[in-house]
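Residue strings, one per chain:
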Amino acid sequence: MDKFTVLNGLVVPLDRANVDTDQIIPKQYLASIKRTGFAQGLFAEWRKDPQFVLNQPRYKGATILLGRKNFGCGSSREHAPWALIDYGFRCVIAPSFADIFFTNSFKNGFLPVVLTESEVDRLFHECNAFAGFRLVVDLERQTVASTDQSLSMRFDIDPFRKYCLLNGLDEIGLTLRHAQKISEFEARRKAQHPWYF
Amino acid sequence: MPQTLYDKLWDSHLVHTEDDGTALLYIDRHLVHEVTSAQAYEGLRTAGRKPWRVESVVATADHNTPTTNWDEGLAGVRDPFARLQIETLDANMREFGAKVYFPYLDKRQGIVHVIGPEQGATLPGMTVVCGDSHTSTHGAFACLAHGIGTSEVEHVLATQCLVTKKMKNMRINVEGPLARGVTAKDVVLAIIGRIGTAGGTGYAVEFAGSTIRALSMEGRMTVCNMAIEAGARAGMVAADEVTFEYLKGRKFAPKGAEWDHAVAYWRTLKSDPDAKFDREVTLDAREIRPHVTWGTSPEMVVAVDDAVPDPDKEKDSQRREGMERALEYMGLKPRTPITDIRIDKVFIGSCTNSRIEDLRAAASVVKGRRVASSVKLALVVPGSGLVKEQAEREGLDRVFRDAGFEWREPGCSMCLGMNPDRLSAGERCASTSNRNFEGRQGPGGRTHLVSPVMAAAAAIAGHFVDIRRWS
């Protein structure tokens, strides 16, 4: 997994609530057995509209997506963060996320940042008002700030997830450090409830 | 300390906890399908890892499989990418193994959330995961069951554990009798309408109350299935006699003395009387009417005798814009009575509503009638080969066919349109599935979520009708 430390990136605003993973990557783009190659599927239906934000030249090269509440709801498809990453995004900022999308993101070195509704409102305003609006996302310090530091917001993150992202760690390897414990648990369970095995 | 059902399930699977609460949770049952597993097996192969316990894996191909052309074998899968996913699953099963695998064309193949319970591979007290968000379905058996992403699929294969954190507890109580024609689907749509599509985010939801207790296992599965549409990864119902009765004698359910031991344990799988929930919601079942979604999120739902809502009456600007966008996509005008909405297609199927009880209910509505001439296609897609077989034994296939429905092979089909069963742009569908997102059933397609009896009645009438007035 790629490390995530500090990201200084152009921000693209997607002003819709409840963006579901069927929109992030429609099912006609899921027909692959690889983890890459999903960029063209990203928001494929919405991108047919020339006015859609991702089609606007001012947002070309953006790496930070700004969203509204309940971002990533619906299907568990991990193709959603894969498509965002393939397109060039490394971070999405929103007031809330659906649980499965949120979890999937961390597994791929992709950072979902939760800010308050009013903080997100403020960022939408800045983004719309100033072409080329960039943010600096600093995972170590847990801050989202404008490049001139005039705006700075703090976000929360689970210490374990932060540690894995900062170091780009393979979670399976980490879990297998507890292999002995898992085996013992399994043996106890099998003795007590053999019908599950 | 009194515990909720979720607390009990959590505690009984806890292998390890980090200081920040991140936990390793042991997984009993891992359901695998063709669309979200290929990359996970590839990851194992690349890292030189082996599955921890292949006996936990139950696999099938369901998401992209055609519901026609089965007589042509694999050649009947016209989409080369779909065929590649099916063949890749076949190859991964040969290489890595499973407790049981129902490949494409097997007569026991079907939607993964239908076949798990049907085979007795879903048992009370289990943790169940699958790379599919509707895994919440299995919570109907007092399981902790939820959807996971592909990286987690790989993690569970390699370690038999999930890295996760404990969710909060919510209980949704539904009390009282349901009116005639009002079903489990209407109950869960009413719940989603009440708490919203993100209302359950961060929670494990227990569905309780006399209405839930009175539901069959099929009905409880329908309710738990759509917990995710209210944002809750896991929905669950306490185990009781209905649960045991359903499971007894099924292929992978325990037998003999082991069955008795299991049932004795399963009887403890309910919330203690004084258990504390972080949030409780109560609905009066007598007030629940047949529901129809009008928009592009399952929370955009009203009763059949209501009208399409008017965005101008919505004060919250973000919500108003969402409603306006949804109405434009759906091609609907505010204040249109729901029963005036005409439909082009009907889909009866999906992990929400494709079980035998659903098909019986729908068949009872269409029996002796004809699908309206304005309806281009009315599809019935049984949830599994065994459901199909059972329905055919009961003559339900004839009832549907005689009425003008197509009777198809099992699979996820038009719920997500990864196979050839899709809506064309602008087509409007009465669907028993679970998501009315933009393009879900086909690019530009318009989905209205309803119960099987409501879908069946809409097929006959050509528009939505209030099933309570159906004679």
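Everything that follows concerns the structure shown earlier in this document.
Treat the numbers as computed from the prediction; the structure is a model and nothing was measured.

Draft legend 1. Highlighting the interface of chain B and chain A. Tallying the contact residues gives 58 residues for chain B and 49 residues for chain A. Secondary-structure elements contributing two or more residues to the side of chain B that touches chain A are strand S1 (14-17), strand S2 (23-26), helix H2 (38-47), helix H3 (80-96), helix H5 (150-159), strand S8 (161-164), helix H10 (256-266) and helix H11 (317-330) of chain B. Examining the composition of the side of chain B that touches chain A, we find that six residues originate from one element, H5 of chain B, more than from any other. Of the residues that constitute the side of chain B that touches chain A, the class distribution is 22 nonpolar, 24 polar and twelve charged.

Draft legend 2. Representation of the sheet that holds S2 of chain B in the model. Residue and element names in this part refer to chain B. Ordered in space as S1-S2-S8, the three strands form an open sheet in which the pairing is antiparallel. Edge positions in the sheet fall to S1 and S8, since each of these pairs with one other strand and no more. The average angle at which neighbouring strand axes cross in this sheet is 20 degrees, direction not considered. Bridge analysis of S1 against S2 gives three bridges, and the strand direction is antiparallel. Considered in S2, the bridge of Leu14 is made with Leu25.

Draft legend 3. Representation of the pairing of strand S15 (residues 345-348) of chain B in the model. Residues and elements named next belong to chain B. Of the two faces of S15, both are covered, the one formed by Lys345 and Phe347 as well as the one formed by Val346 and Ile348. The pairing of S15 with strand S16 (residues 377-380) spans four bridges and is classified as parallel. Residue pairing in the sheet places Phe347 in a bridge with Leu379 of S16. In terms of handedness, the path from S15 via helix H12 (residues 356-366) over to S16 forms a crossover that is right-handed.

Draft legend 4. Molecular detail of the packing of H2 of chain B against H5 of chain B. All names here are of chain B. Running from amino to carboxyl end, H2 crosses H5 at an angle of 50 degrees, the nearest separation of the two axes being 8 Å. When the interaxial angle is binned, H2 and H5 end up oblique. As H2 runs across H5, the sense of the crossing is right-handed. Of the residues in H5, those in contact with Gln39, Ala40, Gly43 and Leu44 of H2 are Thr150, Val153, Glu154, Leu157 and Ala158. Tallied by class, the residues present in the contact of H2 with H5 amount to five nonpolar, three polar and one charged.

Draft legend 5. Structural view of the packing of helix H6 (residues 184-195) of chain B against helix H8 (residues 217-225) of chain B. Residue and element names in this part refer to chain B. Running from N to C, H6 and H8 cross one another at 25 degrees; their axes reach a closest spacing of 8 Å. With respect to H8, the element H6 is oriented roughly parallel. Pair H6 / H8 crosses with right-handed handedness. Along its contact with H6, which presents Ala184, Lys185, Val187 and Val188, the element H8 presents Gly219, Thr222 and Val223. Class assignment of the residues belonging to the contact of H6 with H8 gives a composition of four nonpolar, two polar and one charged.

Rules used in this analysis
Residues numbered from 1 in each chain as written. Chains lettered and ligands numbered in written order. Predicted model: local features only at pLDDT ≥ 70, side-chain atom pairs only at ≥ 80, totals over all residues. Contact = placed C-beta atoms within 7 Å. Helix = DSSP H or I, 4+ residues; strand = E, 2+ residues; numbered from the N terminus. Nonpolar A, V, L, I, M, F, W, Y, C, P; charged D, E, K, R; others polar. Pairing = 2+ DSSP bridges. Axes fitted to C-alpha atoms, helices over the stretch in contact; angles between N-to-C directions. Buried ≥ 20, exposed ≤ 12 C-beta atoms within 10 Å, placed from the backbone. Right-handed = clockwise from strand over helix to strand, strands pointing away. Parallel < 35°, antiparallel > 145°, perpendicular 65-115°, else oblique. Left-handed = near helix turned anticlockwise from the far one by under 90°.

Interpretation in functional terms is not warranted from these geometric data alone.
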